[in-house]
Amino acid sequence: MDKEKLAMFKELLLKRREEILKDVLETKKELVEEYEPLADAIDQATRESNLAFELRLRDREQKLLKKIDKALKKIEDGTYGICEACGDEIDEKRLLARPEATLCIECKKA
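Residues numbered from 1 in each chain as written. Predicted model: local features only at pLDDT ≥ 70, side-chain atom pairs only at ≥ 80, totals over all residues. Heavy atoms only, no water.

Student: I tried to follow the layout of surface pockets on my own but got confused; where do I start?
Tutor: The method is simple in principle: a probe with the dimensions of a water molecule rolls over the atoms, and the space it marks as empty is what remains. A volume near 230 Å³ is recorded for the largest pocket. Looking at the lining of the largest pocket element by element, the count peaks at 3 residues for helix 2 (residues 41-77). Of the residues in the lining of the largest pocket, the class split is 3 nonpolar, 1 polar and 6 charged. For the second largest pocket, the calculated volume is near 160 Å³. (1 Å grid on protein atoms, 1.4 Å probe; cavity = no way out; pocket = protein on both sides within 12 Å on 5 of 7 lines; lining within 4 Å. Points joined across faces, edges and corners; volume = space filled by probe spheres on them. Helix = DSSP H or I, 4+ residues; strand = E, 2+ residues; numbered from the N terminus. Nonpolar A, V, L, I, M, F, W, Y, C, P; charged D, E, K, R; others polar.)

So this is what it looks like as structure tokens:
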């Protein structure tokens, strides 16, 4: 992959990482602000439910952030766009849709 495309994908990955972090922080802020007072058991149950949701969200986002960091490292190593499983090139359309992809579509389906 040429340097211009690598730079474009690096920018996409950095922007995506920034958006994820921003969304997680906003979600956390909204949950804290909305359910600060714990007046009764219903408020407590709502807060616990929201906390469970936030933790699931955080786990999902953490996994995506790890994939993004892995893809950024692959750019630095010169192996970005190469499927980890079979060694073939990952289709550019797939990388545009999911710049953090490390598997080609055939290996992803398997």
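Here the narrative resumes, following the displayed structure.
Student: Which parts of the structure should I look at to understand the side chain of Glu 61?
Tutor: In this structure, Glu 61 sits in helix 2. A relative accessible area of 11% means that Glu 61 is categorised as buried. Once residues within four sequence positions are removed from consideration, Glu 61 is found in contact with Ile 20 and Val 24. (Buried < 20%, exposed > 50% of the residue type's maximum accessible area, 1.4 Å probe, protein only. Contact = heavy atoms within 4.5 Å.)

Student: Help me understand the nonpolar core, please; the structure alone is not making it clear to me.
Tutor: A general trend in soluble globular proteins is that nonpolar side chains are found buried together. Core analysis: the largest hydrophobic core is formed by 17 residues, its most contacted members being Leu 13, Ile 68, Ile 75, Tyr 80 and Leu 95. Broken down by secondary-structure element, the contributors of at least two residues to this core are helix 1 (3-34) and helix 2. Top contributing element to this core by residue count: helix 2, with 6 residues. Look past the residues within four positions of Tyr 80 in its chain and what remains in contact with it is Met 1, Leu 6, Phe 9, Leu 13, Ala 71, Lys 74, Ile 75, Leu 95 and Pro 99. (Core = buried A, V, L, I, M, F, W, Y, C linked by side-chain atoms within 4.5 Å.)

Student: Help me understand the state of the cysteines in this model?
Tutor: Throughout this description, disulfide means a covalent bond between two cysteine sulfur atoms. Evaluation of the coordinates by the stated rule reveals 0 disulfides. Summary of cysteine pairing: Cys 83 is not part of a disulfide, and the nearest cysteine sulfur, belonging to Cys 107, is at 3.6 Å. Under the relative-accessibility criterion, Cys 83 is labelled buried at 3%. As a non-bridged cysteine, Cys 104 has Cys 107 as the owner of its nearest cysteine sulfur, 3.5 Å distant. (Disulfide = S-S within 2.5 Å.)

Student: Would you explain the side chain of Lys 74 in this entry?
Tutor: Mapping Lys 74 onto the fold places it in helix 2. Contact partners of Lys 74, with chain neighbours within four places excluded, come to Thr 79, Tyr 80, Glu 84 and Thr 102.

Student: Got a minute to help me understand the pattern of salt bridges in this structure?
Tutor: Charged atoms that come close allow side chains of opposite charge to pair. Throughout the structure, instances matching the rule amount to 9 salt bridges. For Arg 60, the salt bridge is made with Glu 61, and the minimal N-O distance between the two is 2.8 Å. With relative accessibility at 53%, the residue Arg 60 sits in the exposed group. Salt bridges sharing partners connect three or more residues here, namely Arg 16, Arg 98 and Glu 100. (Salt bridge = Lys/Arg side-chain N within 4 Å of Asp/Glu carboxyl O.)

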